[in-house]
Structure formats: structure tokens, C-alpha cells
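Listed below are the residues making up each chain.
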Amino acid sequence: MLRIHFTPEDLTRVRVAPGPDLLWEISNSVQTLQRKDGERVFGAWRRWARPRLPESRELLSPLLPPYGYPPDFLTPSAGERPTFRAAVDALLGTEPARLRAELARLARSSRLPGWAASLARGDTETLTRLGDALHAYQARALVPHWRQIRADVEADRARRLQNLMDGGTEALLAGLRPDARWRPPVLEVTYPVEQCLRLEGRGLVLQPSFFCWPTPTTLADGALRPVLVHPIRHTPGWSAPRTGPGPLGRLLGQTRAELLRATGTGCSTVEAARMLQVTHPAVSQHMNVLRAAGLITTVRTAGRSFHLATAEGRALLAAEEHRP
């Protein structure tokens, strides 16, 4: 049982996250991918994802075991992160002392590979590999389904905000049942271990998560920014393959539409090539067309090209996501 203790001030500082958090979705999905429960919701996605994932899965799975403690540094709280790249940069900037402490805690319950010692020291090369693995996993496992992930998370957020408008913060918290019970001033949450979180005026972020399963989760370190990540309802058959290119695909062509979707959260040329299983020159050619149309912008650093949708590109993506 997780018991979250509220003060009167905390009740005025509860908010619902504005959308899915990519690092939480990566962490939760890596764990869900290794589990066998939730077959009705995630079974088809697991069968689709496992043969398509790059070697990044081998790097992420030991850090995110299917049960038990996942290190907090993998889901940093850095305010309103505008891009996935910024979120990963925040993760890679974790202080070595924290890396050592959290990986040592993980090692007490899970067997870690040899490279984990380098990660615990803050080794630059190992951190770079971890960052590359996160980008590759996001591109291959999440981007193809991101439209549905975002839609279901936003639908959950709308339900939470309706509770808030109808009955205030206490109705918002009570609406988290059956996984949580609001017994003022404590929110009791179904949890695999006994944990107490005292908010002490810091408030609480409710983070709906597509891949959180089967019960809510939070950070292990109560001194970090308080967040409660919770499961949502899923659209039936959400992982079924698309039967057609969709309106954006008909406008831009299927490959360019998929590339524009990938740049919504940012991606490199290498990640895009892996995701779509096309050559790097082909990706570069398509990105040139999207860039000339003003739909993406490209930043080149350390010999790599990183692509991000512009305001115009994001507007196209938003129009597709909210199409009836």
C-alpha cells in the first residue's frame, strides 16, 4: 500500500499532467514488455514489438525489471520538457552519486550486467549508449503508436478534469478508484510494497500513462518532485495495424507522414532509418522535402542530424490526432 499524505496546501496544488510523458512511457512499456499479464490489452503489441526492437532493449531491460524497483533517474522531473531530447538530456545529466546509489539499490534485487558499473561511475561513453538506446526504443516501439497513445492519455485527462470541475480536488482524487481510495487527508493507493509519501506542501502531479500496468506507480525517493503515474482505459484493438495511410499519409505520402510523426518528439536520421527500415540516404531525402516545406527543422551536432517538427508541422500532427 502507498499512502500519500496531503496538507490543505497540497489540495490546492494537485494537477493533471498535460499529456503523456515519454520517459515514463518508455520505462513502463519496457517493464510491461517483459511481463505476461495484461494479455488482452498488451498482447498484440508485445508480439509486434519484440521482433522489431533494436539492441537497445538489451540495454534497457536490466535497468527496468518487470517487477520491483526501477531507478528514479530514468524518469527525471524537469518541469515542462518541450522535447524528448531535452528529457533524455536531463536523464543523462544525473549526478554520479545518485547513479551509484540508485543502481546499488537495484542490484540488491536484480542481477545487473557488467556495464552497469560504468554507468554507476557516470562514464560518458556508457551514458551516450543509454541515450542512444532510449532514442532508438522510442522510435521503434512508441512512435508508430503515438497517435493512439496520446489520444487515450488525453481522453483520461479530460475525465480527470471533469471530475475536478464537478467536485473539486477531492472528487479528482476519489476518481482514481479502484486503484486508490481517498480517505482525507490520505490517498491510499494499491501498491506492491509499503510506502509513505508526505507531500508537505509540494502538491502532486497525476500522470496518466498508457503503459502503466496494472497499478499506479511513483518515485521511490520521497524527496523528489511528487508524481503519481496511473493506468488508463485503452481503446479496444489499439495495436491493430493501420488499414490505410490516413489523411496525413495521403497528403504527404506514407513514409513522409511517418517521419513527420517521428519528429513530433524529435528523432535523428539513424533512429528514423531504423524505425521505418529504410536507408539513411532515403531518410535524408524525405527530410529535405519536409524541411523545404517548413514542417521540420534540423540541428546538426557531433556529426549527427536531429530533426524536430516546426510549429507548422506540429499543427498538421495535431489536426490528424483530433480528427473525428
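Residues numbered from 1 in each chain as written. Predicted model: local features only at pLDDT ≥ 70, side-chain atom pairs only at ≥ 80, totals over all residues. Heavy atoms only, no water.

S.K.: Can you break down the overall build of the protein residue by residue, with the values?
M.R.: Each helix and strand counted, the protein has 14 helices and 10 strands in total. Taking 2.2 N^0.38 as the reference for a compact globule, 324 residues should give roughly 20 Å; the C-alpha atoms of the protein span a radius of gyration of 20 Å, in line with that estimate. Once the C-alpha set of the protein is aligned to its principal axes, its extents read approximately 60 × 50 × 35 Å. Within the protein, contacts between residues separated by at least 24 positions form 70% of all contacts whose residues are at least 6 apart in sequence. Only carbon and sulfur atoms are counted for the fraction: they give 53% of the accessible area of the protein, which is about 15200 Å². Computing the positive centroid from 43 side-chain charges and the negative centroid from 31, the protein places the two 5 Å apart. (Helix = DSSP H or I, 4+ residues; strand = E, 2+ residues; numbered from the N terminus. Rg over C-alpha atoms; globule rule 2.2 N^0.38 Å. Contact = heavy atoms within 4.5 Å. Areas by Shrake-Rupley, 256 points an atom, 1.4 Å probe, with all protein chains shown as cover. Lys, Arg positive; Asp, Glu negative; His and termini not counted. Charge placed at Lys NZ, Arg CZ, Asp CG, Glu CD.)

S.K.: An account of the side chain of Ser118 is requested, with residue identities and associated values reported.
M.R.: Tracing the chain through its elements places Ser118 in helix 7 (residues 116–120). Under the relative-accessibility criterion, Ser118 is labelled buried at 18%. Within the structure, the side chain of Ser118 is placed 3.1 Å from the side chain of Arg121, a separation counted as a polar contact. (Buried < 20%, exposed > 50% of the residue type's maximum accessible area, 1.4 Å probe, protein only. Polar contact = N/O pair within 3.5 Å; in protein donor to acceptor, adjacent residues only side chain to side chain.)

S.K.: Any chance you could break down the packing of aromatic side chains for me, citing the residues and the numbers?
M.R.: This model, assessed by the stated rule, comprises eight aromatic pairs. Residues Trp45 and Phe211 carry aromatic rings whose centres are separated by 4.6 Å and whose planes lie at 50° to one another, so their mutual orientation is tilted. A residue pair is termed long-range when its members are at least 10 positions apart, and Trp45 in helix 3 (residues 39–49) and Phe211 in the loop between strand 6 (204–208) and strand 7 (227–230) qualify at 166 residues. Owing to a relative accessible area of 0%, Trp45 belongs among the buried residues under this scheme. Relative accessible area serves as the criterion here: at 0%, Phe211 is assigned to the buried category. Plain terms: the ring middles of Phe211 and Trp238 are 6.0 Å apart, the flat faces sit at 80° to each other, and that makes the pair edge-to-face. Note that Phe211 is positioned in the loop between strand 6 and strand 7 and Trp238 in the loop between strand 7 and helix 10 (246–252), a separation of 27 residues in sequence. As far as burial versus exposure is concerned, Phe211 and Trp238 are alike and both buried. Ring-pair connections join several aromatic residues into one group, and the members of that group are Phe42, Trp45, Phe210, Phe211, Trp213 and Trp238. (Phe/Tyr/Trp six-rings, centres within 6.5 Å; stacked < 30°, edge-to-face > 60°.)

S.K.: Now, about the nonpolar core: what can you tell me, with residues and values included?
M.R.: Nonpolar side chains tend to gather and get buried jointly when the protein is soluble and globular. Counting 42 residues, the largest nonpolar core has Ile26, Leu130 and Tyr137 as its most contacted members. Put simply, the parts of the chain that give this core at least two residues each are helix 2 (22–33), helix 3, helix 4 (56–60), helix 5 (84–92), helix 6 (96–107), helix 7, helix 8 (124–142) and helix 9 (146–174). By residue number, the principal contributor to this core is helix 8, which donates seven residues. Sequence-distant contacts of Tyr137, defined by excluding residues within four places in its chain, comprise Ile26, Ser29, Val30, Leu33, Trp45, Leu53, Ser56, Leu60 and Leu142. Core analysis: the second largest hydrophobic core is formed by 18 residues, Val14, Leu173, Ala180 and Leu197 among them. (Core = buried A, V, L, I, M, F, W, Y, C linked by side-chain atoms within 4.5 Å.)

S.K.: An account of the sheet that holds strand 6 is needed here, citing residue identities and associated values.
M.R.: Pairing between the strands of a sheet comes from backbone hydrogen bonds, and it takes one of two forms, parallel or antiparallel. Strand order in this open sheet of three strands is 2-6-7, and the pairing throughout is parallel. Across the chains shown, the open sheet's two edge strands, defined by having one partner strand only, are strand 2 (14–16) and strand 7. The average angle at which neighbouring strand axes cross in this sheet is 20°, direction not considered. In terms of strand pairing, strand 2 meets strand 6 through three bridges, oriented parallel. Note that in strand 6 the partner of Val16 across the bridge is Leu206. Its contacts with the sheet place helix 9 against strand 2, strand 6 and strand 7, and it is angled at close to 160° to strand 2. (Pairing = 2+ DSSP bridges. Axes fitted to C-alpha atoms, helices over the stretch in contact; angles between N-to-C directions.)

S.K.: Now, about helix 9: what can you tell me, with residues and values included?
M.R.: Its 29 residues place the ends of helix 9 only 29 Å apart at the C-alpha level, less than the 42 Å of an ideal helix rising 1.5 Å per residue. Remark: the principal bend of helix 9, roughly 140°, maps to Gly167. Where helix 9 is concerned, the buried positions are Trp146, Ile149, Asp152, Val153, Asp156, Arg160, Thr169, Leu172 and Leu173. (Expected span 1.5 Å × (residues − 1). Bend = angle between axes of the 7 residues up to and from the residue.)

S.K.: Let's hear about the sheet that holds strand 8 (residues 267–268): which residues, and what values?
M.R.: Read from one edge of the open sheet, three strands run 8-10-9, paired in antiparallel fashion. Each having just a single partner strand, strand 8 and strand 9 (296–301) make up the two edges of the open sheet. Relative to strand 10 (residues 304–309), strand 8 runs antiparallel, the two being bridged by two bridges. What sits directly across from Ser268, in strand 10, is Phe306. On top of the sheet, helix 11 (residues 254–263) reaches strand 8, strand 9 and strand 10; it is set at about 90° to strand 10, its chief contact.

S.K.: Can you explain the packing of helix 11 against helix 13 (residues 280–292)? Please cite residues and give values.
M.R.: One way to put it is that helix 11 packs onto helix 13 with a least axis distance of 10 Å and a crossing angle of 75°. Considering the angle they form, helix 11 stands roughly perpendicular to helix 13. Taking contact as the criterion, the partners of Thr255, Arg256, Leu259, Leu260 and Thr263 in helix 11 are, on helix 13, Val283, His286, Met287, Val289 and Leu290. Tallied by class, the residues present in the contact of helix 11 with helix 13 amount to six nonpolar, three polar and one charged. (Parallel < 35°, antiparallel > 145°, perpendicular 65-115°, else oblique. Nonpolar A, V, L, I, M, F, W, Y, C, P; charged D, E, K, R; others polar.)

S.K.: Describe the pairing of strand 9, with residues and values.
M.R.: Note that strand 9 and strand 10 share six bridges and pair antiparallel. In the sheet register, Arg300 faces strand 10, and the bridge partner there is Ser305. The turn linking strand 9 back onto strand 10 is made up of two residues, and Ala302 within it adopts a positive phi angle of 50°.

Everything listed here is a matter of geometry and, on its own, says nothing about what the molecule does.
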